[in-house]
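If you want the building blocks of each chain, they are given just below.
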Amino acid sequence: MNFEVDFLPVGEGSGDAIVIRYGDENPGYYLHVVDGGRTDTAETIINHINKFYSGYHINHMVLSHADDDHATGLVGVMEKMEVKHLWMNRPWLYASEILEHFHGNFTLQGLIDDIKERHQYLVELERLANEKGTVIHEAFQGSKIGEFTVLAPTRERYINSIPDFGKTPTRYTTEAAQDKRTGIIRSVVEAAKKWLEEKWDVETLAENAVTSASNESCVVQYGLLNGKGVLLTADVGPIGLAEAADYGAQLGLVRPEFVQVPHHGSRHNVTPSVLDAWLGPKQPQETKIGTAFCSVGSNKDDYPRGQVKNAFMRRGFLVYCTRTKWISHYSGPGHPNAVAITAEAFANEVEGL
């Protein structure tokens, strides 16, 4: 099976836009699009497909989570291209299961309307899909999306996290104080890191990293393409990555050779233990095991964070970033600018070790 995993630039800011093709001349190739960046990124995706995959339709389009820097660009793609299957989790569908968290502040329909109002781009994606005959699917643990399997989130954890999303009404809860304490602890840990020096055998990445509920709701996908494991993480954090690793172990999945660096290389999304679970333990310097791609905005010079990039490289995964260009990981003919990794390139990429 030939394949290309293309990470496209998203301009300034953040976001993901990934186009994957896999298959063979017989029985055929499939296009799998994951996230669409912001509105302007739609044209980038469409132009890329028209240039390299003219005449193709999109078999599967996956929205990892509801943040606008992943979702809004997909609206323009849906408008202009044929999409057979759309995979996205729509939080308002589970309003009846979370209504109790708002203690009578909403009727069921009122909560549905409120959540929809906060996610108008998802409502528009839903409308376009229904108008064009695209089949919409939930994307929960165990779902099969072409050659990919969803490893996280579970349906239960996703629904339980909805009241804590940034784009849902404020829940009636006593947990706000705990959230504040967590923020204070994080600040102390981050300040302490400034006094530590990163070395090959000294890792300062924290074990208690915390990210948002929305990020932890991300769809984590794993595909086995031409015998090579491909892990797509979007903006997921340690909770989702650990959940995905546990489920992957149940399925007996082989360790991935290609990994997406979560959340543009933020240090709030990975921990040493979760990286060990997915990538394996730290390796001798210049060991090459796999490849990691990171979607980074053109104006985000401080991403990926050095601690995160170093942590991947300690485990034998060299990190490549988009910024102003698109990058490709492939098996088969690939594209003219496809990635080539050498020991010299690896050594030159190590930051401060």
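Description of the structure in this document. (Residues numbered from 1 in each chain as written. Predicted model: local features only at pLDDT ≥ 70, side-chain atom pairs only at ≥ 80, totals over all residues. Heavy atoms only, no water.)

Here's the deal with the packing of aromatic side chains
Which entries qualify depends on this criterion: Within 6.5 Å between ring centres, the rings of Phe, Tyr and Trp (the latter by its six-membered ring) count as paired, and their orientation is classed by plane angle as stacked under 30 degrees, edge-to-face over 60, tilted in between. Runs of E in the DSSP output that reach at least two residues are strands. Runs of H or I that reach at least four are helices, and both are numbered from the N terminus. The cut-offs for exposure are 20% and 50% of the maximum accessible area for each residue type, with area from a 1.4 Å probe on protein chains only; residues under the lower value are buried, those over the upper are exposed, and the others partly exposed. By definition here, charges over rings are those cases where NZ of Lys or CZ of Arg is within 6 Å of the ring centre and within 35 degrees of the ring normal.
Tallied over the entire structure, the rule returns 14 aromatic pairs. Ring geometry for F293 and Y320: centres 6.2 Å apart, planes at 70°, overall edge-to-face. Placement of F293 in strand 12 (residues 290-294) and of Y320 in strand 13 (residues 317-321) is noted, with a sequence separation of 27 residues between them. The same class applies to F293 and to Y320, which are both buried. Every member of this aromatic cluster is reached through a ring pair, and the members are F7, F258, F293 and Y320. Over the ring of Y29 we find R21, and its NZ or CZ is 3.9 Å from the ring centre. One residue, R305, lies across the ring of Y303, its end atom 4.5 Å from the ring centre.

Remarks on the sheet that holds strand 1 (residues 2-7)
Paired through backbone hydrogen bonds, the strands of a sheet run either parallel or antiparallel to each other. Note the following rule: Between any two strands, at least two bridges found by DSSP are needed for them to pair. Axes, fitted as lines to C-alpha atoms, cover a helix only where it is in contact. Angles between the N-to-C directions of the axes lie from 0 to 180 degrees. What makes two residues a contact is simply this: any of their non-hydrogen atoms within 4.5 Å.
Spatially, the seven strands line up as an open sheet ordered 6-5-4-3-2-1-14, and their pairing is mixed. Of all the strands in the sheet, just strand 6 (135-137) and strand 14 (327-331) have a single pairing partner and so form its edges. On average, each strand axis in the sheet is tilted by 15° relative to the strand beside it, whichever way the strands run. Bridging between strand 1 and strand 2 (residues 17-24) involves six bridges; their strand directions are antiparallel. Opposite D6, over in strand 2, you have V19 as the bridge partner. Sitting on the sheet, helix 2 (residues 68-80) is in contact with strand 3 (28-36), strand 4 (58-62) and strand 5 (83-87), with an inclination near 135° to strand 3. Running over the sheet, helix 5 (residues 120-132) touches strand 4, strand 5 and strand 6 and is turned about 140° from strand 6.

Some words on the side chain of H32
Heads up, the condition is: The definition of a polar contact used here is a pair of N or O atoms within 3.5 Å, where within protein one atom must be able to donate a hydrogen and the other to accept one, and adjacent residues in sequence count solely through side-chain atom pairs.
As for its position among the elements, H32 is in strand 3. Polar contacts involving the side chain of H32 include one to the side chain of Q221, which spans 2.9 Å. When near neighbours in sequence (up to four residues on either side) are disregarded, H32 contacts I18, V19, I20, Y22, H60, V62, I145, F148 and Q221.

Some points on the pattern of salt bridges
Note the following rule: The rule for a salt bridge is simple: a side-chain nitrogen of Lys or Arg has to be within 4 Å of a carboxyl oxygen of Asp or Glu.
Summed over all chains, the structure comprises 17 salt bridges. R157 is paired through a salt bridge with E243; the nearest N and O atoms lie 2.9 Å apart. You can see R157 sitting in helix 6 (residues 155-161) and its partner E243 sitting in helix 9 (residues 238-251), a full 86 residues away along the chain. For the residue pair R157 and E243, the accessibility class agrees, reading buried in each case. A single network of salt bridges, built from pairs that share partners, joins E198, E203, D276, R314 and R315.

So, the sheet that holds strand 7 (residues 144-145)
On the basis of which strands lie adjacent, the open sheet formed by seven strands has the order 7-8-9-10-11-12-13 and mixed pairing. If you trace the sheet from one side to the other, it starts and ends with strand 7 and strand 13, each paired once. Judged from the two bridges that link them, strand 7 and strand 8 (residues 148-152) form a sheet pairing that is antiparallel. Across the sheet, the residue bridging to K144 is T149, located in strand 8. Across the sheet, helix 9 is in contact with strand 8 and strand 9 (220-225); its angle to strand 8 comes to roughly 125°.

A short note on unusual backbone geometry
For residues other than glycine, phi is negative in most cases, and the peptide bonds are mostly trans. The omega torsion across A152 and P153 is 5°, close enough to zero to call that bond cis. Relative to the helices and strands, P153 resides in the loop between strand 8 and helix 6. The omega torsion across Y303 and P304 is -5°, close enough to zero to call that bond cis. Here P304 lies in the loop between strand 12 and helix 11 (306-314). For A234, which is not glycine, the phi dihedral falls at a positive 55°. Note that A234 resides in the loop between strand 10 (228-232) and helix 9. Given the relative accessible area of 5%, A234 is considered buried. One non-glycine residue, E286, adopts positive backbone phi at about 70°. Mapped onto the secondary structure, E286 falls in the loop between helix 10 (272-279) and strand 12. The class of E286 is partly exposed, set by a relative accessible area of 49%.

A look at helix 4 (residues 108-118)
Heads up, the rule is: The arc under discussion is defined with respect to the helix axis, by the directions toward the C-beta atoms.
All buried positions along helix 4 are accounted for by L111, I112, D114 and I115. Relative to the axis of helix 4, the buried residues are bounded by an arc of 165° and lie together on one face. Looking at the packing, one finds that the buried side of helix 4 touches helix 3 (95-98).

Geometric descriptors of this kind do not, in isolation, establish any biological role.
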